[in-house]
Amino acid sequence: DLFGAAKYQLPDIWEELGAVGLESGHAYGKALRTVKSCVGSTWCRYGVQDSVGFAIRVENRYKGVRSPHKMKSAVSGCVRECAEAQGKDFGMIATEHGYNLYVGGNGGVNPVHAELLARDIDEDTVIRYLDRYLMYYILTADKLERTAPWQMKLPGGKNGGGPIEHLKEVIIEDSLGICDELDRRMQHLVDTYHDEWAEVVKDPVRRAKFKQFVNSDENIPREKMIEFIDQRGQLRPTDWPADGQPQTNWQAPSDDVFARSEKSWVKVGTTSDFDPNVGSPILYGDSQLAVFNNAHRGEWYCTQNMCPHKQAFVLSQGIIGSFEGAPKVACPLHKKQFSLEDGHQFDGDLKLITFPVKIEGDDVMVELPAVEEVDAILGTNGLRVTKSDCIDITGDALKVPVRSSVSLVTEEAGMRNTTLVH
Ligand code: SF4
Ligand code: FES
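Everything numeric in this text was worked out from a predicted model, so none of it was measured. (Residues numbered from 1 in each chain as written. Chains lettered and ligands numbered in written order. Predicted model: local features only at pLDDT ≥ 70, side-chain atom pairs only at ≥ 80, totals over all residues. Heavy atoms only, no water.)

Visitor: What am I meant to see in the overall build of the protein here?
Guide: A tally of regular secondary structure across the protein gives 14 helices and 19 strands. Counting only residues that meet the buried cut, the protein has 45% of its 422 residues in that class. Put simply, 58% of the contacts in the protein that link residues at least 6 apart link residues at least 24 apart. Entry remark: accessible area of the protein is about 21,200 Å², with carbon and sulfur atoms responsible for 50%. (Helix = DSSP H or I, 4+ residues; strand = E, 2+ residues; numbered from the N terminus. Buried < 20%, exposed > 50% of the residue type's maximum accessible area, 1.4 Å probe, protein only. Contact = heavy atoms within 4.5 Å. Areas by Shrake-Rupley, 256 points an atom, 1.4 Å probe, with all protein chains shown as cover.)

Structural data, given as structure tokens:
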């Protein structure tokens, strides 16, 4: 896990890890997580098989395979089951003669014990059955369905017994005549595996997509966006207030705070800088804005990048779509939904400030007030959430962080090195 890393730091981190042979990306995504094992026969007097070696083999075979949901696995070196293999989507427990293979377990809110698919089989046979089991799951489960609920919905065996009997018939006896196809498809996935992050590192175009801002090479350090506190000698972001407690919810100072401002069209990039159907962050002075290229509708929008729910600078990473026909962005953190047209919240009373966008030739233009006016309302520094924000606010808990005119003067000279063209 790369906790605390900012998106723009990832290519550098992957490059460093890759240089010493460490791949990234297995701790997240709908794919196999790192396979757990006990120390096995190498280090434990009870071990009857090399559980470490087999766990590495299993992990290397199925790493990166996309699946309906995450998949967890473990290998225990004897029946004492220190690796808890029966609590995994697929788990192997060593015996004197090989391994017992269990499938369809998970932990979480509704723990399920895996069921025994085959007993005393060698490593190659485990792999063959796993190829078929996993491909059968991948091809027939619903999106976001773990193996346990998928398995429970399968029919029973022809001669009685629950879904595990059906799985034995399909996977071991080839009752549906699909094993060759399942084998072939899994082998194709295994043969075409590649480290996607290593490819980003090597490709300047894809690497550029990780820039913090489309229109600037500047990075705003994370500690300027949120306050960090020390816990056990490590820095972590300060807590946000829980729902129902006083919030730092920011609200736009008025319906159209910039109504009387003089505005100009500002070039923030060219159309190819903005990927279709996602948001992209731009920097304007100290203010972070989000530009949305809604290619589905052939429309462009610009809003503040800061989500007013918890004052997090994340809206450019939100999911765009529609709400009763109107274009929206859903915040990636807690999924509050905002209109891209006028910024109002569809599922609450928060509001974003929006700015008009137009395309001139290849140029993306946003109509903006002067930098210092926007910074007074949306400047990153003024919106930083601090610990005291989270615990001291009472009453209606409204926080409207407008800077004093004194601080505006000192900030005025500090417009950043963006590629803005007035
Ligand atoms: S599962 Fe068995 S081999 Fe593995 S650590 Fe526990 S006792 Fe030892
Ligand atoms: S920060 Fe909570 S919905 Fe955006």
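Visitor: Is there a simple way to think about the sheet that holds strand β11 (residues 299–304) in this case?
Guide: A sheet is described by the order of its strands in space; here four strands give the open sequence β9-β10-β11-β17, paired in antiparallel fashion. The strands lining the two open edges of the sheet, one partner per strand, are β9 (279–284) and β17 (354–355). As paired elements, strand β10 (residues 287–294) and β11 share six bridges and run antiparallel to each other. Bridged to V291 within β11 is C302. Here helix α11 (residues 371–378) sits on the sheet and contacts β9, β10, β11 and β17; the angle it forms with β10, its principal contact strand, is near 95°. (Pairing = 2+ DSSP bridges. Axes fitted to C-alpha atoms, helices over the stretch in contact; angles between N-to-C directions.)

Visitor: Looking at this model, I keep getting lost on the packing of aromatic side chains. Mind explaining?
Guide: Each aromatic ring pair is summarised here by two numbers: the centre-to-centre distance and the angle between the ring planes. Going through the model one piece at a time under the given rule, you end up with ten aromatic pairs. Between Y62 and F90 the ring centres are 6.1 Å apart and the planes differ by 80°, which places this aromatic pair in the edge-to-face class. Of this pair, Y62 sits in helix α3 (residues 51–62) while F90 is found in strand β3 (residues 90–95), placing the two residues 28 residues apart along the sequence. Comparing Y62 with F90 shows no difference in burial state: the two are buried. Arranged with centres 5.3 Å apart and planes meeting at 65°, the rings of Y137 and W150 form a pair that is edge-to-face. One end of the pair, Y137, is in helix α4 (residues 123–140); the other, W150, is in helix α5 (residues 147–152), and 13 residues separate them in sequence. Of the two residues, Y137 and W150, neither departs from the other in class, the shared state being buried. Aromatic ring contacts, followed pair by pair, group Y133, Y136, Y137 and W150 into a single cluster. Positioned above the aromatic ring of Y46 is the side chain of R80, whose terminal nitrogen or guanidinium carbon lies 3.7 Å from the ring centre. (Phe/Tyr/Trp six-rings, centres within 6.5 Å; stacked < 30°, edge-to-face > 60°. Lys NZ or Arg CZ within 6 Å of the ring centre and 35° of its normal.)

Visitor: Would you mind showing me how to read the nonpolar core here?
Guide: Proteins that are soluble and globular tend to have nonpolar side chains buried together. Among the nonpolar cores identified, the biggest contains 38 residues, and Y62, F90, M92, L101 and L167 are the most heavily contacted of them. Of all the secondary structure elements, the ones that give two or more residues to this core are α3, β3, β4 (98–103), β5 (115–121), α4, α6 (163–171) and α7 (179–191). Broken down by element, the residue count for this core peaks at ten residues, all from α4. If we ignore the near neighbours within four places in the chain, the residues touching L101 are G91, M92, E115, L116, L117, A118, I121, V126, Y129 and L130. (Core = buried A, V, L, I, M, F, W, Y, C linked by side-chain atoms within 4.5 Å.)

Visitor: It is not clear to me how the pairing of strand β2 (residues 73–76) should be interpreted in this structure. Could you clarify?
Guide: Within a regular strand, side chains alternate between the sheet's two faces. Burial of β2 is two-sided: the residues S73 and V75 facing one way and the residues A74 and S76 facing the other way are all buried. With four bridges connecting them, β2 and β3 associate as parallel partners. Note on β3: the bridge partner recorded for S73 is F90.

Visitor: Got a minute to help me understand the site of ligand 1 in this structure?
Guide: Around ligand 1 lies a shell formed by C38, C44, Y46, G47, G77, C78, R80, E81 and C82. Per-class residue counts for the shell around ligand 1 are five nonpolar, two polar and two charged. (Near = heavy atom within 4 Å. Nonpolar A, V, L, I, M, F, W, Y, C, P; charged D, E, K, R; others polar.)

Visitor: Explain the sheet that holds β4 here, please?
Guide: To summarise the sheet geometry, strands pair through backbone hydrogen bonds and adopt either a parallel or an antiparallel arrangement. The strand order across the open sheet formed by five strands is β1-β2-β3-β4-β5, and the pairing between neighbours is mixed. At either end of the open sheet lies a strand with only one pairing partner, and these are β1 (36–37) and β5. Where α6 meets the sheet, it contacts β4 and β5, and its direction lies at approximately 45° from that of β5.

Visitor: I would appreciate a short explanation of the packing of α4 against α6 in the present structure.
Guide: When two helices pack together, their arrangement is given by the angle between the helix axes and by the axis-to-axis distance. The geometry of α4 relative to α6 is characterised by a closest axis approach of 10 Å and an angle of 115° between their N-to-C directions. For the pair α4 and α6, the crossing hand works out as right-handed. The segment α4 lies against α6, with Y129, R132, Y133 and Y136 engaging H166, L167, V170 and I171. The residue makeup of the contact of α4 with α6, split by class, is six nonpolar, one polar and one charged. (Left-handed = near helix turned anticlockwise from the far one by under 90°.)

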